[in-house]
Amino acid sequence: MSAQAVGRVWERSTYSGARLVVLLAVADVVNDTYDHRFWMTVAELAKKARTSENTARSAMQAFVEDGWLEVVEGSRGRRPNEYRFTAPDVTPQ
């Protein structure tokens, strides 16, 4: 868990509703030790955020487009995409 990432979402996010909850779920699972990276299936993320898979998938696309996440490695087989949380002042120095 990254308290820093969660805090940054509360401070800087302009999202509301389901997208905010999905972004908070992402921030909750990013790992400071591993360069703020995370990998989670859409189904797992939707379950954590208590939303539909379509909503979680749409939110993830928006986060990439809006600069909150970057794709580090695309999915391979059953392995989900790997992302890095890139919110301001969260990326390790």
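What you see is a predicted model, and the numbers here were worked out from it, not measured in a lab.

**Q** Mind laying out the overall build of the chain, listing which residues take part and the relevant values?
**A** Counting secondary structure elements, the chain contains 4 helices and 3 strands. For the chain, the α and β elements follow one another from N to C terminus as α-α-β-α-α-β-β. Residues classed as buried in the chain amount to 37% of the 93 residues present. Counting only contacts in the chain whose residues sit at least 6 apart along the sequence, the fraction spanning at least 24 positions is 53%. Here the chain displays about 5,500 Å² of accessible surface, and carbon together with sulfur accounts for 46% of that area.

**Q** For the sheet that holds strand S1 (residues 37-39), give the residues involved together with the corresponding values.
**A** Pairing is antiparallel across the open sheet formed by 3 strands, whose spatial order is S1-S3-S2. The two strands at the open ends of the sheet, each matched to only one other strand, are S1 and strand S2 (69-73). In this sheet, adjacent strand axes meet at a mean angle of 35° when their direction is disregarded. Two strands pair when backbone bridges link them, and S2 and strand S3 (residues 82-85) are joined in this way by 4 bridges, in the antiparallel orientation. Bridge pairing in S3 links Leu-69 to Phe-85. The sheet strands contacting helix H2 (residues 17-29) are S1, S2 and S3, and the helix crosses S3 at an angle near 95°. Those strands touched by helix H4 (residues 53-65) are S1, S2 and S3, and its axis lies near 100° from that of S2.

Reading the values: the criteria
- Each chain has its residues counted from 1, following the order in which its sequence is written.
- Local features in this predicted model are restricted to residues of pLDDT 70 or higher, and side-chain atom pairs are both shown and tallied only at a pLDDT of 80 or more, whereas totals for entire chains, interfaces and linings draw on every residue.
- The basis for the side-chain values is all heavy atoms of the structure; hydrogens and waters are excluded.
- Here a helix means four or more residues in a row that DSSP labels H or I, a strand means two or more in a row labelled E, and each is numbered from the N terminus.
- Note on exposure labels: buried denotes an accessible area under 20% of the residue type's maximum, exposed denotes more than 50%, and partly exposed covers the range between, all computed with a 1.4 Å probe on protein chains only.
- Here, two residues are considered to be in contact whenever any of their heavy atoms come within 4.5 Å of each other.
- Using the Shrake-Rupley algorithm and a 1.4 Å probe, accessible areas are obtained, with residue cover drawn only from the displayed protein chains.
- When DSSP finds two or more bridges between two strands, those strands count as paired.
- For every element, the axis is a line fit to its C-alpha atoms; helices are fit only across the contacting stretch, and the angle between N-to-C directions ranges from 0 to 180 degrees.

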